[in-house]
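Residues per chain, in single letters:
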Amino acid sequence: MRQHVGWTAGTAAAVLVAVGALTYAVAEDGGSTGTPGADSADAGFARDMAVHHQQAVEMSYIVRDRTKDEEIRRLAYDIAQTQANQRGMLLGWLDLWELPKVSSDAPMTWMGMGDMPVGEDGALMPGMATNTEMKKLQGLSGKQAEIFFLQLMTAHHKGGIHMAEGCVDKCAVGVEKRLAQTMVNGQQSEIDLMADMLKERGAKPRS
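The shown structure was predicted, so the numbers you read here are calculated from the model rather than taken from an experiment.

Sorry if this is basic, but what is going on with the overall build of the chain here?
The helix and strand tally for the chain stands at six helices and zero strands. Mapped in sequence order, the helices and strands of the chain form the string α-α-α-α-α-α. Counting every position in the chain, which comprises 207 residues, the buried fraction comes to 47%. Across the chain, every contact between residues at least 6 apart in sequence was considered, and the portion connecting residues at least 24 apart equals 78%. Summing over all exposed atoms, the chain offers an accessible surface of approximately 9800 Å²; the carbon and sulfur share of this is 53%.

Teacher, can you tell me more about the pattern of salt bridges here?
When their charged atoms lie close together, side chains carrying opposite charge are able to pair. With the rule as written, the count across this model stands at six salt bridges. In this structure, the salt-bridge partner of lysine 101 is aspartate 95, at a minimum N-O distance of 2.4 Å. Note on lysine 101: relative accessible area 37%, which makes it partly exposed. Classification of aspartate 95 as partly exposed rests on a relative accessible area of 47%. Across the salt bridge formed by arginine 201 and glutamate 146, the nearest N and O atoms sit 2.8 Å from each other. Within this pair, whereas arginine 201 is found in the segment after helix H6 (174-200), its partner glutamate 146 is found in helix H5 (residues 142-170), the two being separated by 55 residues in sequence.

So what exactly am I meant to see when it comes to the nonpolar core here?
A general tendency of soluble globular proteins is for nonpolar side chains to be buried together. By size, the foremost hydrophobic cluster in this structure holds 31 residues, and its most contacted members are Phe45 and Leu90. Of all the secondary structure elements, the ones that give two or more residues to this core are helix H2 (41-64), helix H3 (70-96), H5 and H6. Apart from residues no more than four positions distant in its own chain, leucine 90 is found in contact with Phe45, Ala46, Met49, Ala50, Glu176, Leu179 and Met183. Core analysis: the next-biggest nonpolar cluster, separate from the first, contains 24 residues, Ile62, Val63, Met194 and Leu198 among them.

What exactly am I supposed to notice about the side chain of glutamine 55 here?
For glutamine 55, the position within the fold is in helix H2. The exposure class assigned to glutamine 55 is buried, which follows from its relative accessible area of 7%. Among the polar contacts made by the side chain of glutamine 55, one reaches the main-chain amide nitrogen of alanine 129 at a distance of 2.8 Å. Not counting the four nearest positions on each side in its chain, glutamine 55 is found in contact with Met128, Ala129, Met134 and His156.

Definitions and cut-offs
Per chain, residue numbering runs from 1 following the sequence as it is written. pLDDT decides what is reported in this predicted model: residues at 70 or higher carry local features, side-chain atom pairs at 80 or more are listed and counted, and totals for whole chains, interfaces and linings draw on all residues regardless. No hydrogens and no water enter the side-chain calculation; it runs on all heavy atoms of the structure. The helix and strand labels rest on DSSP assignments: H or I over at least four residues marks a helix, E over at least two residues marks a strand, and numbering proceeds from the N terminus. Accessibility here uses a 1.4 Å probe with only protein chains present; expressed as a share of the type maximum, an area under 20% marks a residue as buried, one over 50% as exposed, and anything in between as partly exposed. Contacts are residue-level and defined by heavy atoms, with any inter-residue pair within 4.5 Å sufficient. The accessible surface values rely on the Shrake-Rupley method and a 1.4 Å probe; as for residues, cover is taken only from the protein chains in view. Salt bridge, as used here: a side-chain nitrogen of Lys or Arg that lies within 4 Å of a carboxyl oxygen of Asp or Glu. Put simply, buried Ala, Val, Leu, Ile, Met, Phe, Trp, Tyr and Cys residues joined by side-chain atoms within 4.5 Å make one nonpolar core. A 3.5 Å cut-off defines polar contacts: any pair of N or O atoms within that distance qualifies, except that in protein one atom must be a possible hydrogen donor and the other a possible acceptor, and neighbouring residues in sequence count only when both atoms are side-chain atoms.

Remember, this is a structural readout, not a statement about activity or role.
Here you go:
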């Protein structure tokens, strides 16, 4: 288990080192295909994933305050740092492209899913926790908080992978596609890790 958590920490560190290079590289990479439009998959993914990531950061910091378990706290810290920095890249690219960070289009429109039912209780996109679930997490502590966090984050990562795979397929800017593939790989590894952590606590991911 500690080996897996250490690998996750290494991944977070690698993202921190790469953030400046990736943000700079998108200027040249974008220049080869033209600046994406406001309704492009590149812009839509950047906007939607920034929102999706922000909730993961919030959940991670909540559970760090609700448990003393060091493995959970390290995992939560790694997720928060990785996704906060990826979110910074996505928002930075929107600034670079001089595109708005919000859109009147429904979430997931860039994936052809704009007509999906509107998310209820704050769950705007696949895998996102509801406002009620976020409030419940804040009210738990110890093992109960750990299990609920792992279940929520597993679902959150599955939704995030679905979105990132959409960018890999539909985005035009190479550096953004590569970041999306990094998200797929990293979050799948964390899903596997969280399954083990749930099993250790006598629990399973929610179906």
